[in-house]
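Residues per chain are reported as follows:
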Amino acid sequence: QFVSPDLNLTSVTFTSEHGQLPAAVAARIANLETKFNLPPQSTNVDDRSGRVANLFAADPIIPGSGSGNTFAPDYRPTIPSGSPTMDTLGEPESHEEWAEMATVATQNWLNTNAANLDVDVGELFAVGTARAAVHGSNGDLIQLHIPRYFGGVAVKGSRATATVKGGNLINIGFQSWGTIPP
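Residues numbered from 1 in each chain as written. Predicted model: local features only at pLDDT ≥ 70, side-chain atom pairs only at ≥ 80, totals over all residues. Heavy atoms only, no water.

(A) Broad picture of the side chain of Asn69. Among the secondary structure elements, Asn69 is positioned in the loop between strand 3 (52-60) and helix 2 (95-117). Here the side chain of Asn69 touches Phe71 through a polar contact of 3.1 Å, landing on its backbone nitrogen. Discounting chain neighbours no more than four positions away, the residues touching Asn69 are Pro60, Ile62, Pro63, Gly64, Gly166, Gly167 and Asn168. (Helix = DSSP H or I, 4+ residues; strand = E, 2+ residues; numbered from the N terminus. Polar contact = N/O pair within 3.5 Å; in protein donor to acceptor, adjacent residues only side chain to side chain. Contact = heavy atoms within 4.5 Å.)

Structure, rendered in structure tokens:
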């Protein structure tokens, strides 16, 4: 692993005062908050990149008891690669099945919202890199850690995180998500 001593991670400040952001960034964040019925200026934004640092929502993505979640217990999200859906599995019976379902559903959610989040989902979900922690026997709380890769190389300190509670995506975050020049 090569790490130049000149590449130090600096602390990041966040703002939820969107009036301090460039107009285009503030408009993109406002659209995202409107889409998810969030209070204005409730989203934390990374001051360096102008991207979402932390978004709190309540968006149903897998079956569960969360507010507004109407997915049937045997629902399975479509795998983004176009592979067969997971619907042949029936209801999840193990932590591994809950983890797989939450990972696929989070990837689908990110694909749908990539433009407003200003992220390239292709930099996430490299085979075998997403990690999930499932708490409770029924997948009631699932936490995801998704490292960022660019050109097949891990981007040090950069990752996405997601929390699914009661089947609802309640938090999505991006750490050290700067623009990578072409």
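More follows now that the structure is in view.
(B) Up close: the side chain of Ser176. Of note, Ser176 is situated in the segment after strand 7 (168-175). Apart from the residues lying within four places of it in its own chain, the contact partners of Ser176 are Arg48, Arg148, Gly157 and Ser158.

(C) Up close: the packing of helix 1 (residues 23-35) against helix 2. Viewed as axis vectors pointing N to C, helix 1 and helix 2 meet at an angle of 140 degrees, and their least axial separation amounts to 9 Å. Mapping the contact onto sequence places Arg28, Asn31, Leu32 and Lys35 in helix 1 and Thr112, Asn113, Ala115, Asn116 and Leu117 in helix 2. Looking at side-chain class alone, the contact of helix 1 with helix 2 contains three nonpolar, four polar and two charged residues. (Axes fitted to C-alpha atoms, helices over the stretch in contact; angles between N-to-C directions. Nonpolar A, V, L, I, M, F, W, Y, C, P; charged D, E, K, R; others polar.)

(D) Structural detail: unusual backbone geometry. Here the phi dihedral of Asp118 falls at roughly 60 degrees; this positive angle occurs in a residue that is not glycine. Residue placement: Asp118 occurs in the loop between helix 2 and strand 4 (131-135). According to the relative accessible area criterion, Asp118 is partly exposed, its value standing at 32%. A positive phi angle is found at Phe125, which is not glycine, with a value near 65 degrees. You can see Phe125 is positioned in the loop between helix 2 and strand 4. Phe125 gets classed as buried once you look at its relative accessible area, which sits at 14%. (Buried < 20%, exposed > 50% of the residue type's maximum accessible area, 1.4 Å probe, protein only.)

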